[in-house]
Amino acid sequence: MGDAISVEELQLAARNHGMPLEALRWDVTPIGLHYLLTHYDIPDVSVHSWRLEIGGLVERSQSLSLDEIRTRPSVEVAVTMECAGNGRVHVEPHVVSQPWLLEAVGTARWRGTPVAGLLEDVGIRGDAVEVLFTGLDRGVEGGEEQAYARSLPLSEILAGDAILAYAVNGVPLPPQHGYPLRLVVPGWYGMTSVKWLSSITLLSEPFDGYQMRHSYRTRQHEDELGEPITRMAPRSLMVPPGIPEFMSRSRVVPAGLCELRGRAWAGESEIAGVDVSTDGGKTWQEAELDDDALGRWAWRAWRFTWDADPGDHELCCRARDGAGNVQPLEAPWNVGGYMNNAVQRVAVTVTE
Ligand SMILES: Nc1nc2c(c(=O)[nH]1)N[C@H]1C(S)=C(S)[C@@H](COP(=O)(O)O)O[C@H]1N2
Ligand SMILES: [Mo]
């Protein structure tokens, strides 16, 4: 792990909490345990005056109330969402930003109306290629005052399963998760799913706002453009077995059979398998995958029975997806500390 974190990083960490890894035991994360990432402040929204403005290259601009959006066709989809900065604390050299360990993930049942259908209803002009989603929250980042805003190619929206969500796990969105309406883009890293949505604008070229042009790109040097971050690389996490030691959070497990359980997800292609190592990544054995009861866009549960011998052990798990991507043993480095999907390592002491 990197150097000590600063007070500035602690300020971010105290606002933006992760999902305790024992919460991997739930198929759907209880909403208060879902991770949280907010760049600026949670905005103060009155649902009476709130409107979603749909404009730009559309046939009929719209200004919709929440009730109007709620009367549209709706779907509920279980989505595993992960921050692109998950794993950042484990990259070397240290990157200063929200100091995630491995817990910037959660799975929720989001209910809302498909974005593609809404855009088709308002009429997409022939010269539209990009869809910009703008939030109500404002801040200064990289010296630029801005509203949080991200875009996606129109083709992604039309072919994909993105929704405008007004409910999560059966209740209206809580303030911190984007009340009254947010975008949810299954399979993509969390930065794509704009909260507190205020407008959708169709554009004739890709949007180059701060969160597209500067943030959320993998760069080896501050002054290069780098590659945009899109879909989630495969990752598997296990429920830490046994009980924790208070300060180190290393685990204490009694000798004998120990069932390891975890979850794995990937945004580009489905999970193909999960392997477990009980010797720090030297040797691997295949875990058993549960069925995909939650659907394509949510994590897959897995299990593995470990015959634990007394002594110190390092447990690891790694996911593979159908496109041949496998989690690396070493953390990849880039300027933002993004997309570090190196295998999880859990120190365990097995007692007699
Ligand atoms: N408007 C707005 N949307 C946002 C953000 C934000 O700061 N403002 N953070 C993004 C990032 S980086 C992530 S990882 C996810 C987190 O969603 P959650 O807080 O509901 O878990 O929201 C995304 N959408
Ligand atoms: Mo994020």
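Residues numbered from 1 in each chain as written. Chains lettered and ligands numbered in written order. Predicted model: local features only at pLDDT ≥ 70, side-chain atom pairs only at ≥ 80, totals over all residues. Heavy atoms only, no water.

S.K.: Can you tell me about the overall build of the protein, naming the residues and giving the values?
M.R.: Helix and strand counts for the protein stand at five helices and 22 strands. Taking 352 residues into account, the globule formula puts the C-alpha radius of gyration at 20 Å, and the protein, at 21 Å, falls close to it. Taking the contacts inside the protein whose residues are at least 6 apart along the sequence as the reference set, 73% of them involve residues at least 24 apart. In the form shown here, the protein has an accessible surface area of approximately 15,700 Å², with 51% of it arising from carbon and sulfur atoms. Charged side chains in the protein number 30 positive and 49 negative. The centres of these two groups are separated by 4 Å. (Helix = DSSP H or I, 4+ residues; strand = E, 2+ residues; numbered from the N terminus. Rg over C-alpha atoms; globule rule 2.2 N^0.38 Å. Contact = heavy atoms within 4.5 Å. Areas by Shrake-Rupley, 256 points an atom, 1.4 Å probe, with all protein chains shown as cover. Lys, Arg positive; Asp, Glu negative; His and termini not counted. Charge placed at Lys NZ, Arg CZ, Asp CG, Glu CD.)

S.K.: Break down the sheet that holds strand S6 (residues 144-153) for me, with residues and values.
M.R.: Pairing in this open sheet of five strands is mixed, and the strands run S2-S1-S10-S5-S6 from one edge to the other. Edge strands, defined here as strands with exactly one partner in the open sheet, are strand S2 (62-64) and S6. Shown here is a sheet whose adjacent strand axes are inclined to one another by a mean of 25°, direction ignored. As paired elements, strand S5 (residues 130-141) and S6 share nine bridges and run antiparallel to each other. Residue pairing across strands places Glu141 opposite Glu144, the latter belonging to S6. Strand contacts of helix H3 (residues 115-122): strand S1 (52-56), S2, S5 and strand S10 (197-203), with the helix running at about 60° to S1, the strand carrying the most contacts. (Pairing = 2+ DSSP bridges. Axes fitted to C-alpha atoms, helices over the stretch in contact; angles between N-to-C directions.)

S.K.: Describe the site of ligand 1, listing the residues and the values that go with them.
M.R.: Among the 19 residues in the neighbourhood of ligand 1, the closest are listed as His39, Asp137, His177, Arg182 and Lys195. Here an oxygen atom of ligand 1 and a side-chain polar atom of His34 are 3.4 Å apart. Within the side chain of His177, a nitrogen or oxygen atom sits 2.7 Å from an oxygen atom of ligand 1. Burial of ligand 1 by the surrounding chains reaches 100%, relative to a free accessible area of 530 Å². Split by residue class, the shell around ligand 1 holds 10 nonpolar, six polar and three charged. (Near = heavy atom within 4 Å. Polar contact = N/O pair within 3.5 Å; in protein donor to acceptor, adjacent residues only side chain to side chain. Nonpolar A, V, L, I, M, F, W, Y, C, P; charged D, E, K, R; others polar.)

S.K.: Report on the sheet that holds strand S21 (residues 311-321), specifying residues and quantitative values.
M.R.: The pairing of strands in a sheet comes from backbone hydrogen bonds and takes either a parallel or an antiparallel form. Pairing in this open sheet of six strands is mixed, and the strands run S14-S15-S22-S21-S17-S18 from one edge to the other. Among the strands making up the open sheet, the edge pair consists of strand S14 (243-244) and strand S18 (285-286). Relative to strand S15 (residues 251-254), S14 is paired through two bridges, and the arrangement is antiparallel. The residue bridging Ile243 from the neighbouring strand is Val252, located in S15.

S.K.: Any details on the packing of aromatic side chains? Residues and values, ideally.
M.R.: For the coordinates displayed, the defined rule picks out three aromatic pairs. With a centroid separation of 5.3 Å and an interplanar angle of 35°, the aromatic rings of Tyr216 and Tyr338 are classed as tilted. In this pair, Tyr216 is assigned in the loop between helix H5 (210-213) and strand S11 (217-218) and Tyr338 in the loop between S21 and strand S22 (344-351), connecting sequence segments 122 residues apart. Residue class for Tyr216 comes out buried when judged on its relative accessible area of 6%. Overall, Tyr338 belongs to the buried group, its relative accessible area being 10%. With a centroid separation of 6.1 Å and an interplanar angle of 55°, the aromatic rings of Trp265 and Trp299 are classed as tilted. Within this pair, whereas Trp265 is found in strand S16 (residues 256-265), its partner Trp299 is found in the loop between strand S19 (288-289) and strand S20 (300-308), the two being separated by 34 residues in sequence. (Phe/Tyr/Trp six-rings, centres within 6.5 Å; stacked < 30°, edge-to-face > 60°. Buried < 20%, exposed > 50% of the residue type's maximum accessible area, 1.4 Å probe, protein only.)

S.K.: Lay out the pairing of S20 in plain terms, naming residues and giving numbers.
M.R.: With nine bridges joining them, S16 and S20 adopt antiparallel strand pairing. The residue bridging Leu257 from the neighbouring strand is Asp307, located in S20. Of the pairings in the sheet, the one linking S19 to S20 comprises two bridges and is antiparallel in character. The partner of Glu288 across the bridge, within S20, is Arg303.

S.K.: How would you summarise the domain arrangement of the protein if you had to cite specific residues and measurements?
M.R.: Note: interface size is frequently given as the accessible area lost on complex formation between the parts. Entries for the protein in the domain assignment read domain 1 (7-228) and domain 2 (235-351). For domain 1 and domain 2, the distance between their C-alpha centroids amounts to 27 Å. Taken residue by residue, the interface counts 41 residues in domain 1 and 23 residues in domain 2. Across the interface of domain 1 and domain 2, roughly 2,900 Å² is buried in total on both sides, 60% from carbon and sulfur atoms. Taken as a group, Leu24, Thr80 and Leu102 account for 19% of the area that domain 1 buries against domain 2, more than any other trio of residues on that side. Applying the counting rule to domain 1 against domain 2 returns two salt bridges. The salt bridge involving Asp27 is made with Arg263; its shortest N-O contact spans 3.0 Å. Summed over the shared surface of domain 1 and domain 2, the result is 19 residue pairs in polar contact (both at pLDDT 80 or more). (Domains from an automatic or database assignment. Buried area = accessible area lost by both parts, 1.4 Å probe. Salt bridge = Lys/Arg side-chain N within 4 Å of Asp/Glu carboxyl O.)

S.K.: An account of the environment of Pro20 is requested, with residue identities and associated values reported.
M.R.: Examined against the element boundaries, Pro20 turns out to sit in the loop between helix H1 (7-15) and S1. Counting along the chain gives 82 residues from Pro20 to Leu102, while the straight-line C-alpha distance between them is 9.4 Å.

S.K.: So what's going on with the pattern of salt bridges? Which residues, and what values?
M.R.: As enumerated under the stated definition, the model contains 15 salt bridges in all. A salt bridge links Arg235 to Glu82, with the nearest nitrogen and oxygen atoms 2.6 Å apart. Residue Arg235 is located in strand S13 (residues 235-238), and its partner Glu82 is located in strand S3 (residues 75-82); the two are separated by 153 residues in the primary sequence. Exposure class is identical for Arg235 and Glu82. Each is buried. The network of salt bridges with common partners includes Glu259, Arg261, Asp290 and Arg303.

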